[in-house]
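The lines below spell out each chain.
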Amino acid sequence: MTKQVTIPQLSARKGSGEKITMLTAYDATMARLLDRAGIDVLLVGDSLGTVILGCDTTLPVTLDAVVHHTRAVRNGAERALIVADMPFLTYHVSAAEALRNAGRLMQEGRASAVKVEGGVAIAGTVERLVAAGIPVMGHVGLTPQSVHQLGGFRSFGKLPGEAEKVAEDARSLERAGAFAVVLESIPSSLAAAITKELRIPTIGIGAGPHCDGQVLVSYDALGLFDTFVPRFVKQYAKLGDEVTKAAKDYIADVQGGRYPGPEHSIS
Ligand code: KIV
């Protein structure tokens, strides 16, 4: 049986030179394929709101939806550590509610850890989750759940005071016991400084090459979601084009009487 990646193993990567690799997944089939490739961490991101549900932000994503997709990802993956995103407002009302909600992601979704956005403002909640045995990954910089407050999906850390805020948010997560922190859309030099200062691994997305690991939304990296491609995304494939081409071939075959052929039919 394949051994699952553990949090202590990820922590040990800090400073070792061996980068942590993370991609999002939302279903068992994709989880199986990414797991087979050797990905370390599968994030059931609330990006499922945009790439799976077709919403323009992550705000409509519910806890039930993340539980549902986490269960599917867990069913598909053998080796990768599964991290489930806590959706908008599921960890802000009270620490008690955050505990119950994170508990559902672990008990019903069978995630191994949860991810939360924010720093100083939620550090107390992170502490409570960690004290209950729930591993927490933080997320600072561009935090998509605050899109309206930020005035859009934009890079963070260039306006006065922002760089120090991101650094202090990251520090507060480390102090609260988070095992890793995602740095999203911040200048490379800021990500490098935070990575150097923290003892926990940083995982970058649009944060340059100096982080301890990298994460991408799999639908972006595979070229499946092409409505908007952020500058920091590298498309490793153009699966969207492949899917459209395959569907066109299928339509043409059915219309032309070439499918199903004798080999696809019961004689
Ligand atoms: O929801 C998500 O996919 C994320 C990644 C962008 C880190 O939070």
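For the structure, check the block above.
Read on for a plain summary of the structure. (Residues numbered from 1 in each chain as written. Predicted model: local features only at pLDDT ≥ 70, side-chain atom pairs only at ≥ 80, totals over all residues. Heavy atoms only, no water.)

A few words on the pairing of strand β6 (residues 180-184). Taken residue by residue, a regular strand's side chains alternate between the two faces of the sheet. Counting buried positions over the five residues of β6 gives five, a clear majority of the element. Where strand β5 (residues 136-141) lies against β6, five bridges are found, and the strand directions are parallel. From the neighbouring strand, H139 faces β6, where its bridge partner is V182. Here β6 pairs with strand β7 (residues 202-205) via four bridges, running parallel. If you follow V181 over to β7, its bridge partner there is T202. Between the parallel elements β6 and β7, the chain passes through helix α9 (residues 188-197) in a crossover that is right-handed. (Buried < 20%, exposed > 50% of the residue type's maximum accessible area, 1.4 Å probe, protein only. Helix = DSSP H or I, 4+ residues; strand = E, 2+ residues; numbered from the N terminus. Pairing = 2+ DSSP bridges. Right-handed = clockwise from strand over helix to strand, strands pointing away.)

Bringing the site of the ligand into the picture now. For the ligand, the full set of nearby residues is T24, L43, G45, D46, S47, D85, K115, H139, E184, I205 and V217. D46 has a polar side-chain atom sitting 3.0 Å from an oxygen atom of the ligand. Interatomic distance of 2.8 Å between a side-chain N/O atom of K115 and an oxygen atom of the ligand. Relative to its free-state accessible area of 260 Å², the ligand is covered by the protein chains to the extent of 95%. (Near = heavy atom within 4 Å. Polar contact = N/O pair within 3.5 Å; in protein donor to acceptor, adjacent residues only side chain to side chain. Areas by Shrake-Rupley, 256 points an atom, 1.4 Å probe, with all protein chains shown as cover.)

Quick look at the sheet that holds strand β1 (residues 20-24) now. Ordered by their spatial adjacency, eight strands build a closed barrel running β1-β2-β3-β4-β5-β6-β7-β8, and the pairing between neighbours is parallel. Ignoring which end each strand starts from, the neighbouring axes of this sheet average 25° apart. Relative to strand β3 (residues 81-85), strand β2 (residues 41-44) is paired through four bridges, and the arrangement is parallel. Note on β3: the bridge partner recorded for L42 is I82. In the packing of helix α8 (residues 162-176) onto the sheet, contacts are made with β5 and β6, and the angle to β5 comes to roughly 170°. (Axes fitted to C-alpha atoms, helices over the stretch in contact; angles between N-to-C directions. Contact = heavy atoms within 4.5 Å.)

Let us now look at unusual backbone geometry. That bond from Y259 to P260 is cis: its omega, 0°, falls within 30 degrees of zero. Here P260 is to be found in the segment after α11 (239-255). One non-glycine residue, R110, lies in the positive phi region at around 60°. Along the chain, R110 falls in the loop between α5 (95-107) and β4 (113-115). One non-glycine residue, S185, lies in positive phi territory at about 50°. Along the chain, S185 falls in the loop between β6 and α9.

The biggest cluster of nonpolar side chains holds 77 residues, and the ones touching the most others in it are L42, L183, I186 and I194. Tallying contributions element by element places α8 first for this core, with five residues. (Core = buried A, V, L, I, M, F, W, Y, C linked by side-chain atoms within 4.5 Å.)

We now examine a nonpolar patch on the surface. A cluster of nonpolar side chains, Y250, I251, V254 and Y259, forms an exposed patch at the surface whose accessible area comes to about 380 Å². Tracing the backbone shows Y259 in the segment after α11. (Patch = residues over 30% accessible without salt bridge, like charges linked within 9 Å, V, L, I, M, F, W, Y side chains within 5 Å. Salt bridge = Lys/Arg side-chain N within 4 Å of Asp/Glu carboxyl O.)

Summed over all chains, the structure comprises two aromatic pairs. Judged by centre distance (5.7 Å) and plane angle (75°), the rings of Y26 and Y219 are edge-to-face. Of this pair, Y26 sits in the loop between β1 and α2 (28-37) while Y219 sits in helix α10 (residues 218-221), and the two are 193 residues apart along the sequence. By relative accessible area, which is 1% here, Y26 ends up buried. (Phe/Tyr/Trp six-rings, centres within 6.5 Å; stacked < 30°, edge-to-face > 60°.)

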